[in-house]
Amino acid sequence: TLNGQDRGGKAQQKEPDSYKTLAGDFKRDIIKRSVEKVERLKSQVGEIESSDQKSVQDLKDKIEIMENALKPPNWDFLIADLLKGFVHEEIDREDMQLRSSMKELRDAQIMAFDMLVNFFSEREDEKFHTLVFQSEDKKHLFLCVRFHEQSALHHAEQSRYLVQLDESALQKMGIVLKPKTPHNTAFLPFIPFLRKGGLLRKYCPESLPQDEKQGDKKHGDIEAQAALEAQRVHFLRKVDRIRLLYDRATDIVNCNAMKRWKLMKDYFPLHSHSALTDLRKTWGAMRCILRPQPINKIQGYFGSEIAVYFLFVGMLCMYTLGLIAATCGITALVYIKTGSIHDTVHQFLLGSKFHYHRMAQAVVTLLWFQVFVCHLRQRINWYMNQWGDDFPDTSDVKKLENEHFDAPAMPSEVDAAMLSYEATMSQRQWRSALSAILTFMYTVFAVWCVGFIFRAGAYLDRSGGKKGFSMAGYAVSAQIKILSWIWRKLSLWLAILERHQYAASFNSSRALKTFIFSAINAFASFFYVAFAMQFTEGCPADYEDGCWGYLCHQMIVVFAFFVGFTVFDIAVPYGTVLWAIRTSKKKRKECGPKNKSGRNSPAESLSFLELQAQQVKYGGDEQIQDYCQIVMPLAFVLMFGITLPFCSVLSLVCFALQLRADAFKLTRAAQRPFPSRCIVQRRGGALGVWMVVLQLLACLATVTNSALIVFNLEPFKSWQLNNQLVLFYTFILAALTVQIVLQALIPDISAEVALARRRHDRQRSVVASLAHHCGGQLPENGFGETDKNQLVELWKEIQPTNPVKLCGNHKNPTVGDLEKIATLEERSEYFIAAD
C-alpha cells in the first residue's frame, strides 16, 4: 500500500475520480491556508511594538519564506508546513523527518501515517504498545495505540487524574465506619503517596481489543502482552486509560485537524472483546427487555454520560408502569359506570367522553411526573456519588474536543504570550446571536407550514372533498418528521457556527435548539386544534365532539409514527454495518489470492479490530436523537394525555423499544463511544440540558392541562371567561404548591448521599495530611492497630513549632489527651495523631 504495489507485486489500479477530486480540493485548500497564514502574520507584525525588533524581524522572515513558497507553489514546503502545524510540541516538530517530493494528497497521507507511527513507537520518556496492520480490502491502514500501564500511571500522576481509594485503605488510615451501613470510598486526585501506601483501588483488567477466541495471529502476538498485563496490578480502568490516552495523544497531534484535511479517516476507542461479549449477553440482547439496567456495568464500559441516559430511560419505563396502573384504575371506574367494555374502550380510552374521569387522569399524570423528576434527580446524585462525578474534576486531563471546531492558533485573550485555539468573546457573541435568529426563522416557517396544511384541509372539506381534515392530520405528522430531518442537518451547521471548542458545550447547544424546534414543530398543530381551530376554520364535522374528537385522532396517528420510527432506529445502524461487511467481503474476494484452479479463494472474515471500523459512530448527534425519541412521546403524554388515556401504554412501547434499540446498537452495531464524565456542576446537573428540558416540560404540562380542562371540558367549558381564567390560575397555583411540597419530601441529595459526602471529605483530609506529614510512608499495620508509643512518637514529629494549647501535655501527651483532641472540630494539624 505504501509503495504503490499490491500483495501480488502488480501495480495498483487507476485512482478513482472521487480521489482526483479530493486531491484537487486538497491542493486548493493548502494554497488558501497558506495565504491566510501570511495575512495573519502580517497582522501580528502590526500589533507588536516597534521596540521589539527581533520579533518583528522573525515574523517578516517567515512571511518572506511563505510568499516565496507560494509563487510558484512549492508543494514540498507547503505540505511540510501543513504537517508541522498538526504537531503541538516543539520537540516533536524538530524531530520530524519529512519525505522529499511530497506533491499529492497520497504523499501527505503516507507521511502523516509515518509521523503518527514514529510519535507513538519511538518515545523514550513514555511507552506505548502499537500495532499496525492493513485492511483486508487493501484500502486502509490501521494504527492501534495502547498506553503502557506505567506510562498511564505516570501521566495520571502528572495530570492529577481522579482515582478511588481502596476499601482496605480505610483501615490503614484508622478510619472506622459503623457496621451494616452502606459506604463507598472517596475519589481524589492522583498523588504518588496513594500508590506507595497501597491506598488505591485495584481493578480486574479488561481484555485486549482482539478476539481471543479466534486468535488473530496476523495482528501480532499481543496475547502474550495480555497475559503479562493480567498478572500486574491495575489501578486504572479501561475507561480511565482511554481518557488519559486521548489527553496525551491530543497533546502530541491535532487529530481533528488531520481528519478535516483527509489525512486521517477516523479515530475511536476500541472495544474489549470479553467485556463487550458479557454486555451483549446480559444487557444488549432483545430478550433482556424486562431486565433491570446494569448501570454500574454500563458506566464502567461506556462512561457516565451514557450510563445516566440509560438510568433515565430505565426509570421512566418503571414509572410508566405505575402510570398505566393508575390509568387502569380510572378505566375500571368508567367501566363500573357504563357496564360495557365497548363503551369504555371507544368512548374513554380511544374516544372523547367522560370528562370528569379525564380530569382525574390529568391530575394523576402531573403528580406522577413530578414524583418521577424528583426521584430521578435523587437517584442520579446517588450514582454520581458512587462514581466520584460529584467531586469537582480539577485534573489537567482535557475534555473531549469538538471535532467540528476549527480555529487557528492565536494569542490568547488572557495571556498574549500564550497561543490559544478558542474563539474570541466577540466572535462567540455575534455568532450565537446569528444562530438564535436563524433558529427563530426556521421555527416560524414550521408553524406557518402547520397553518397552511390545516387551511388546505379546511378548504378541501368546504369544497366537497372527503376527509380533508383527516388528510391534513396525516400530512402534519409527515411534516413533523420531514422538517425534523432537515433541522438535524441545519442545527449541526448552526452549532458549528457558534465555535464551541469542547464537545460538551457543542452538544448542549445543539440539544437545546433541537428540543425547542422539535417541541414547537410537533405541538403547534395540537395547540392549534385544541385552542384556535374552532375560531378560524371551524371544527371538523366528521368527528364526534368536533375539535376534541379530532385531537384524540391526531394523538393516535402521532404515536403510530413514533413507534414506526423507533423500529426504524433499530434497523438502520445494524443494516449499515451488515452492508459494509458485505461490501468489504466482496472486495476482498475480488482482489484476494487465487487458488490452483484460477478462482478466488474464499474471503476471510473480518477481524474484531477491523470490524469496528465498519461500525457506525455513536456521538453527540446520535445521543441527542435518542433523547428526543424518548422526550417527545413523554411530552405528548404529559400535555395531551387526557385526550388519549391509552397513550400511556403506547408510550411504554416506545420507551421499551428505544431502550432495547440503543442497547443493541451500542453493543453490536456501533463503535465504542468516548467515555465522557458527567459534569455535575453545570446547569441541570448530570443530565445537563435534558434536566432543564424535563423541568420545562413540567411547567408546560401544568399550563396545557389546566387550559384543556378549563376551556374544553364540561362543565367548565360553558362558564364565563372571567370565571374560567380564575379557575385556570387556581389550577396552576395548586400544581406549583404540590411541586414545592414534593421537592421538600424528595430532596435532590438524600441523607445517604449527604453522609457519604461527609465521609469522603474526611477521607480526603486524612490522605492529604498523611501525605504531608508521613513523607509518603504508612505504618506497617495502619494507625488503627498502632500502640501508644508509636502514636506518641508520631505526635512529636508533627506537632507545630508554636503549638496552641488545646488540652493535656503537648511534650508527652497521653492516650487520653489524644482522644480529647480527636473530638475537637477545629483540629487542624492535630487530627492525624488523634487517628
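Just above sits the structure.
Here the residue numbering is sequential within each chain, running from 1 through the sequence in written order. Two thresholds apply to this predicted model, a pLDDT of at least 70 for residue-level local features and 80 or more for giving and counting side-chain atom pairs, whereas whole-chain, interface and lining totals are computed over all residues. Based on all heavy atoms of the structure, the side-chain values leave hydrogens and waters out of the count.

Peer 1: Describe the side chain of Arg377, and please don't skip the residues or the numbers.
Peer 2: The way it works is that DSSP assigns letters per residue, a run of H or I at least four long becomes a helix, a run of E at least two long becomes a strand, and they are numbered from the N terminus. Along the chain, Arg377 turns up in helix 16 (residues 355-387). Working rule for contacts: check all heavy atoms of both residues, and any pair within 4.5 Å makes them a contact. When neighbours within four sequence positions are excluded, Arg377 is seen to be in contact with Met691, Gln695, Gln743 and Asp748.

Peer 1: How would you summarise the packing of aromatic side chains if you had to cite specific residues and measurements?
Peer 2: Centres within 6.5 Å are what make two rings of Phe, Tyr or Trp a pair, Trp counting through its six-membered ring; a difference in plane orientation under 30 degrees is then read as stacked, over 60 as edge-to-face, and the rest as tilted. Evaluated as defined, the whole model comprises 34 aromatic pairs. Here the aromatic rings of Tyr442 and Phe445 are separated by 6.2 Å at their centres, their planes lie at 35 degrees, and the arrangement is tilted. Taken together, the residues Tyr442 and Phe445, both in helix 17 (residues 425-462) and three residues apart, mark about one turn of the helix. For the exposure calls, accessible area comes from a 1.4 Å probe over protein chains only, and a residue counts as buried if that area is under 20% of its type's maximum, exposed if over 50%, partly exposed in between. Residue classification places Tyr442 among the buried residues on the basis of a relative accessible area of 13%. Owing to a relative accessible area of 39%, Phe445 belongs among the partly exposed residues under this scheme. Judged by centre distance (4.8 Å) and plane angle (10 degrees), the rings of Tyr627 and Trp690 are stacked. Linking Tyr627 in helix 22 (residues 620-640) with Trp690 in helix 24 (residues 689-712), this pair joins segments that are 63 residues apart in sequence. For the pair Tyr627 and Trp690, a shared accessibility class is recorded, and that class is buried. Cluster of aromatic residues (ring-pair linked, three or more members): Trp283, Tyr301, Phe302, Tyr309, Phe310, Phe312, Tyr319, Trp368, Phe369, Phe372, Tyr627 and Trp690.

Peer 1: Describe in detail the nonpolar core, supporting the description with residues and values.
Peer 2: To define a nonpolar core, start from buried Ala, Val, Leu, Ile, Met, Phe, Trp, Tyr and Cys residues and group those joined through side-chain atoms within 4.5 Å. Ranked by size, the top nonpolar core spans 108 residues in total, and within it Phe310 and Trp690 carry the most contacts. Every residue in contact with Trp690, bar those within four places of it in the chain, is listed here: Ala511, Phe515, Ile624, Tyr627, Cys628 and Val631. Counting 65 residues, the second-largest nonpolar core is a separate cluster that includes Phe26, Phe119, Leu244 and Val766.

Peer 1: Lay out helix 10 (residues 238-252) in plain terms, naming residues and giving numbers.
Peer 2: Between its first and last C-alpha, helix 10 extends 21 Å over 15 residues, near the 21 Å set by a 1.5 Å rise per residue. The buried count for helix 10 comes to 14 of 15 residues, which makes it a mostly enclosed element. Here a helix's expected span is defined as the number of its residues, less one, multiplied by 1.5 Å.

Peer 1: Describe the pattern of salt bridges, and please don't skip the residues or the numbers.
Peer 2: Here a salt bridge means any side-chain nitrogen of Lys or Arg lying within 4 Å of a carboxyl oxygen belonging to Asp or Glu. Using the criterion set out here, one finds 23 salt bridges in the structure. With a closest N to O distance of 3.3 Å, Asp266 and Lys259 form a salt bridge. For Asp266, a relative accessible area of 24% corresponds to the partly exposed category. The buried category is assigned to Lys259, whose relative accessible area is 19%.

Peer 1: Please set out the pairing of strand 2 (residues 141-147) residue by residue, giving values where relevant.
Peer 2: As paired strands, strand 1 (residues 128-134) and strand 2 are joined by seven bridges and run antiparallel to one another. Opposite Thr130, over in strand 2, you have Val145 as the bridge partner. Linking strand 1 to strand 2, which pair antiparallel, is a turn of six residues; within it Lys138 sits at a positive phi near 65 degrees. For two strands to be treated as a pair, DSSP must find no fewer than two bridges joining them.

Peer 1: Give me the lowdown on a nonpolar patch on the surface, citing residues and values where you can.
Peer 2: Side chains of Leu350, Ile556, Phe646, Val649 and Val653 sit close together on the surface and give an oily, nonpolar patch of about 340 Å² of accessible area. Position of Leu350 among the secondary structure elements: in the loop between helix 15 (341-349) and helix 16. Here the term patch refers to residues with relative accessible area over 30% and no salt bridge, with like charges joined within 9 Å and nonpolar side chains (Val, Leu, Ile, Met, Phe, Trp, Tyr) within 5 Å. Per-residue and other accessible areas follow the Shrake-Rupley method at a 1.4 Å probe size, with only the shown protein chains counted as cover for residues.

Peer 1: Got a sec to walk through helix 23 (residues 647-669)? Specific residues and values, please.
Peer 2: If you check helix 23, its first and last C-alpha atoms are 31 Å apart, about what 23 residues at 1.5 Å a residue would give, namely 33 Å. Where burial is concerned, most of helix 23 is hidden: 18 out of the 23 residues are buried.

Peer 1: Describe in detail unusual backbone geometry, supporting the description with residues and values.
Peer 2: Between Glu714 and Pro715 the backbone carries a cis peptide bond, its omega angle lying at 10 degrees. The residue Pro715 is located in the loop between helix 24 and helix 25 (721-745) in this model. Residue Lys262 is not a glycine yet carries a positive backbone phi of 60 degrees. Tracing the backbone through its elements, the reader meets Lys262 in the loop between helix 11 (255-260) and helix 12 (273-284). In the Ramachandran plot, Arg499 falls in the positive-phi region, its phi being about 60 degrees despite a non-glycine side chain. Among the secondary structure elements, Arg499 is positioned in the loop between helix 18 (468-497) and helix 19 (503-532). Accessibility expressed as a relative area gives 16% for Arg499, which makes it buried.

Peer 1: Quick one: what's the story with the packing of helix 13 (residues 295-302) against helix 14 (residues 304-338), residue by residue and with numbers?
Peer 2: Two quantities define a packed helix pair, namely the angle between the helix axes and the distance between the axes. Geometry is summarised by axes, namely lines fitted to C-alpha atoms with helices restricted to the contacting stretch, and by angles between N-to-C directions that run from 0 to 180 degrees. Axis separation between helix 13 and helix 14 bottoms out at 7 Å; the angle between their running directions is 150 degrees. As the angle between them shows, helix 13 and helix 14 are arranged roughly antiparallel. Handedness of the crossing formed by helix 13 with helix 14: right-handed. Facing Ile295, Ile298, Gln299 and Phe302 of helix 13, the residues of helix 14 in contact are Ser304, Ile306, Ala307, Phe310 and Leu311. Here the residues of the contact of helix 13 with helix 14 sort into seven nonpolar, two polar and no charged. Orientation categories follow fixed angle ranges, with anything under 35 degrees roughly parallel, anything over 145 roughly antiparallel, 65 to 115 roughly perpendicular, and all other angles oblique. Note on convention: near helix rotated counterclockwise from far helix by under a right angle means a left-handed crossing. Clockwise means right-handed. Classification convention: Asp, Glu, Lys, Arg as charged; Ala, Val, Leu, Ile, Met, Phe, Trp, Tyr, Cys, Pro as nonpolar; all other residues, Gly among them, as polar.

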